[in-house]
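Residues per chain, in single letters:
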Amino acid sequence: DRTDILVVNEHELMAMGAGAVPASIRALGIPRVVTTLGARGATVVTRSDIGYLPALAVPVVDTTGAGDTVCGALAASIDAGEDVFAAAARAVVAGSLATTRVGARTAMPTLEQLERAITRDI
């Protein structure tokens, strides 16, 4: 009951006993749940809304660190005042970009690279 936002991948969500159905996610009692879906993007389930955020179609080289990139971009965007849906949308783009290079930390996009990707000027 101290969790405000939970970020999990779909396998972790299932291991918690919640299915992909929003009602089962809401039954966890967590106000905002972001579920990463790999190349399919992510979903956001809040107490009142649901959102699907598609990933960018990019050539995948290495997925190491993509989840960490999503979490970092999500946290930074929320800290900057974005709501969870806008923050998760940015985070999914950042995570997508992180898969286009080898490594974890070295593959994380810069803010400039993220902004270019968001405006589709990759």
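Relevant structure appears above.
The structure displayed is predicted, hence computed values, not measured ones.

Draft legend 1. Structural detail: the packing of helix α3 (residues 66-79) against helix α4 (residues 84-98). In the contact formed by α3 and α4, the axes pass within 8 Å of each other and the chain directions differ by 145 degrees. As for how α3 packs across α4, the hand of that crossing is right-handed. Residues A66, T69, V70, A73, L74, S77 and I78 of α3 form the contact with α4, whose own contacting residues are V84, A87, A88, R90, A91, A94, G95 and A98. Each residue belonging to the contact of α3 with α4 can be placed in one class, and the counts come to 11 nonpolar, three polar and one charged.

Draft legend 2. View of the sheet that holds strand β3 (residues 42-46). Reading across from one edge, β1-β2-β3-β4 is the order of the four strands in this open sheet, with mixed pairing throughout. Every other strand in the sheet has two partners, leaving β1 (5-9) and β4 (50-53) as the edge strands with one partner each. Strand after strand, the sheet turns through a mean of 15 degrees between neighbouring axes, direction not considered. In the sheet, strand β2 (residues 32-36) pairs with β3 via five bridges, with the strands oriented antiparallel. Each residue of the ladder has a partner; that of V33, found in β3, is V45. Against the sheet, α3 makes contact with β1 and β2, and its axis sits at roughly 160 degrees relative to β1, the strand it touches most.

Reading the values: rules and limits
- Residues numbered from 1 in each chain as written.
- Predicted model: local features only at pLDDT ≥ 70, side-chain atom pairs only at ≥ 80, totals over all residues.
- Heavy atoms only, no water.
- Axes fitted to C-alpha atoms, helices over the stretch in contact; angles between N-to-C directions.
- Helix = DSSP H or I, 4+ residues; strand = E, 2+ residues; numbered from the N terminus.
- Left-handed = near helix turned anticlockwise from the far one by under 90°.
- Contact = heavy atoms within 4.5 Å.
- Nonpolar A, V, L, I, M, F, W, Y, C, P; charged D, E, K, R; others polar.
- Pairing = 2+ DSSP bridges.

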